[in-house]
Each structure stands twice: as C-alpha cells, then as structure tokens.
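Listed here are the chains, written in short residue letters.
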Amino acid sequence: MVRERRASQGVRRTREFEAFMAGAAGRLLHTATLLTAEPRDANPRARRLLTLALAHTYASWDRLHGEDPYDSARRELAARFQHAAWHRYGSFGRQRPSPDNVLARLRPQERLVLVLRLYEGVAEEQAAALLGLPTERVRAICARAMATLLHPPRGPAPTRVEVAPS
Amino acid sequence: MNLPEREAAVRRMLEQVPQPPVPSDLYGEVVRRGGRMQRRRTVARRLLWLALFIAAVAFVVWATTARPWVEPPSETTPPLTGW
C-alpha cells in the first residue's frame, strides 16, 4: 500500500520534472553560459553548474510546497556559481578576456549581478538577498558592470598574428 | 543615456548572445544525480530517527532501573543507642 503510493508519487514526480526541464533547461543553460562567459559550443563549466543545480531541484522536488521550481533552480545556480567564484578566484576570476565574448571582460561577481538583474529580471532586493549583499552594493556592482559593457576600455587592440596566405 | 536606456541596451546585448544547445544527456544525468542525492538524504534521515529512537529507549530503560527521582536512603542516621 505504502509502496504503491510511493511508486505512483515517483512516477508523478518524474513526469512533472520532465515537463519542467523541457521548458526551463534551455533558458537556464543560457543563463549559466552567460555566467561562466564560455563560448556557446564549449561550455563544460556551465553544463556542470546546471546539472548540479537541477539535480538539487529534483532531489527537493517534493519539498518545494508550491514554490516555483525555476526560482529554486536559479537560486541554486547562483549560489553554486558564487561559491565556485569565491573559492577559485585565482584560476578563472582573472580569466584572460577572450575577444569573442563581451561578458568575459567582467569579473565573476559583476557577471552574476548583471545576469540576475537584467537577463533574469530579478529585482534588486531579491538579488541582494540571494547574494547576501546590501542593496546599494548590488546597485553599484550592476552600474559598474553596465559601464564596462557599454563603454569598453580603450586599451591596446588585441594583436593577432595574421598568417598571410602565400 | 539615462538608466532605463542603459539597462535596455545591456539587456539587448545579453539577449543577442546565441542560445547554447541543450545536451541530450542532460536529463538523464540530472535524474541520476538528483536521485542519488535524494536516496542519500532519505538514508541519513532514517539513521537520525533510528539514533533518536535508540536514545529514547536507552533513557527509559535507564530511568526505570536507576529511578533517579527516588530520594536516596539517608546515610547519616545517628547511631541508635541508649534504650
């Protein structure tokens, strides 16, 4: 009896989660790829982040109690990215800017705030609560990131060695 | 440019980045990892309840044998002499 009920609950959960993923995975993967500033076709870090965040959402599916699973997955994604950026600052925090991705010019925290605020449309107060920062700080980081994106620094142009066709 | 215009410009910039293709094995991998996570949590929760139950039983057994609420017999009775 209990086992039957649990089995039917598992089936229902699988169906619900499949529907949720069909709708949300594309956008969340885009968000993750914007966060990691990886190219579109080679985004192993974004995929890993998304897989772990969605796995967490799947594991706590029965305890969401009416909360939007998309919010839960996005929160988990942001938390994991923040955690990774904090612990591995040296390795990818000062990533060499790749010329084909505009977001690579920003620091991880700036990308996180910018993507949450402008791409995901999270309100300033909610983003601040999500990241554990004061609201003014979130506003300042977002303004700085926007300034960097809209007015790129006029440094020396990236020198690319062109091989002349012989 | 004022703030809403700047925000709109950056938003357009973010939307213009082409969407990455969703890998086909993503769903299987998520369900595999998520299921494992959930099973581990279930096991941990059961172990905690079991530990709590054992502790409760042990306390009841100890309490009924030791009866700590009974006043212990006095050990300083004056010697009964002179009658």
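Fair warning: this is a prediction, and the values are worked out from it, not measured in the lab.

Asks: Describe in detail the overall build of chain A, supporting the description with residues and values.
Replies: What chain A contains, in helices and strands, is seven helices and zero strands. Seen in sequence order, chain A has helices and strands lined up from the N terminus as α-α-α-α-α-α-α. When burial is assessed residue by residue, chain A has 30% of its 166 residues classed as buried. In chain A, the share of contacts with a sequence separation of at least 24, taken over all contacts with a separation of at least 6, comes to 56%.

Asks: So what's going on with the overall build of chain B? Which residues, and what values?
Replies: Tallying secondary structure elements over chain B gives two helices and zero strands in all. What you see for chain B is a C-alpha radius of gyration of 35 Å, clearly larger than the 12 Å of a compact globule of 83 residues, by over 25%. Taken along the three principal axes of its C-alpha coordinates, chain B extends 110 × 40 × 10 Å. With 83 residues in all, chain B has 5% of them scored as buried.

Asks: How would you explain the packing of helix α3 (residues 69-87) of chain A against helix α5 (residues 108-119) of chain A if you had to name every residue and give the values?
Replies: Residue and element names in this part refer to chain A. Closest axis-to-axis distance for the α3/α5 pair is 10 Å, and the angle between their directions is 165°. Classified by the interaxial angle, the pair formed by α3 and α5 is roughly antiparallel. Note on packing geometry: the crossing formed by α3 with α5 is left-handed. Two secondary-structure elements touch here, α3 through A78, F81, Q82 and A85 and α5 through P108, Q109, L112 and L116.

Asks: An account of the interface of chain A and chain B is requested, with residue identities and associated values reported.
Replies: With 23 residues of chain A at the contact, the number on the chain B side is 23 residues. Contributing elements (two or more residues each) for the side of chain A that touches chain B: α1 (2-36), α2 (44-59), α5 and α7 (135-150) of chain A. When residues of the side of chain A that touches chain B are assigned to their parent elements, the largest contribution, eight residues, is made by α1(A). Split into classes, the residues belonging to the side of chain A that touches chain B amount to 14 nonpolar, six polar and three charged.

Asks: Could you give an account of unusual backbone geometry, with specific residues and numbers?
Replies: Residues and elements named next belong to chain A. A positive phi is found at A37, a non-glycine position, where the angle reads about 55°. For A37, the location among the structural elements is in the loop between α1 and α2. A count of 23 C-beta atoms within 10 Å places A37 in the buried class.

Asks: Would you mind going over the packing of α2(A) against helix α2 (residues 26-66) of chain B in detail, with residue names and values included?
Replies: Put simply, α2(A) and α2(B) touch, their axes get as near as 8 Å, and they point 50° apart. Considering their axes alone, α2(A) and α2(B) lie oblique with respect to each other. For the element pair α2(A) and α2(B), the recorded crossing hand is right-handed. Across from A:T51, A:L54, A:A55, A:H56, A:Y58 and A:A59 in α2(A), the residues of α2(B) making contact are B:L26, B:E29, B:V30, B:V31, B:R33, B:G34, B:M37, B:Q38 and B:R41.

Asks: Before we move on, can you summarise the nonpolar core with the specific residues and values?
Replies: Here is a general trend for soluble globular proteins: nonpolar side chains tend to be buried in one another's company. Residue and element names in this part refer to chain A. Ranked by internal contacts, the top residues of the largest apolar core, which has 37 residues, are A32, L50, L54, L77, V113 and A145. Elements supplying a minimum of two residues to this core: α1, α2, α3, α5 and α7. Not counting residues within four places of it along the chain, the set of residues in contact with A145 comprises L106, E110, V113 and L114.

Asks: Could you give an account of the confidence of the model for chain A, with specific residues and numbers?
Replies: On average, chain A scores 84 in pLDDT, and the residues at 70 or more come to 84%. Mean pLDDT values over the elements of chain A span from 50, in helix α4 (residues 89-93) of chain A, up to 93, in α2(A).

Procedures and definitions
- Each chain has its residues counted from 1, running along the sequence as written.
- Key to labels: chains lettered from A, ligands numbered from 1, both in the order written.
- Given that this is a predicted model, residues contribute local features only at a pLDDT of at least 70 and side-chain atom pairs are listed and counted only at 80 or more, while totals for whole chains, interfaces and linings are drawn from all residues.
- Labels follow the DSSP assignment, with helices taken as runs of H or I lasting at least four residues and strands as runs of E lasting at least two, numbered in each case from the N terminus.
- Note on burial: count the other C-beta atoms lying within 10 Å of the residue's C-beta; 20 or more is buried, 12 or fewer is exposed, in between is partly exposed, and C-beta positions come from the backbone.
- Here contacts are defined at the residue level, using C-beta atoms placed from the backbone and a cut-off of 7 Å between them.
- Here the radius of gyration uses the C-alpha set of atoms, whereas the globule reference equals 2.2 Å times the residue count to the power 0.38.
- The axes are straight lines fitted to the C-alpha atoms, using for helices just the contacting stretch, and the angles between their N-to-C directions are given from 0 to 180°.
- Angle categories: roughly parallel below 35 degrees, roughly antiparallel above 145, roughly perpendicular from 65 to 115, and oblique for all the rest.
- Each crossing is labelled by how the near helix is turned from the far one, with a counterclockwise turn of less than a right angle marking it left-handed and a clockwise turn marking it right-handed.
- Think of it as three bins: nonpolar holds Ala, Val, Leu, Ile, Met, Phe, Trp, Tyr, Cys and Pro, charged holds Asp, Glu, Lys and Arg, and polar takes everything else, Gly as well.
- For our purposes the nonpolar core covers buried Ala, Val, Leu, Ile, Met, Phe, Trp, Tyr and Cys residues that link as a set through C-beta atoms within 7 Å.
- Note on scores: pLDDT gives the predictor's confidence for each residue, bounded by 0 and 100.

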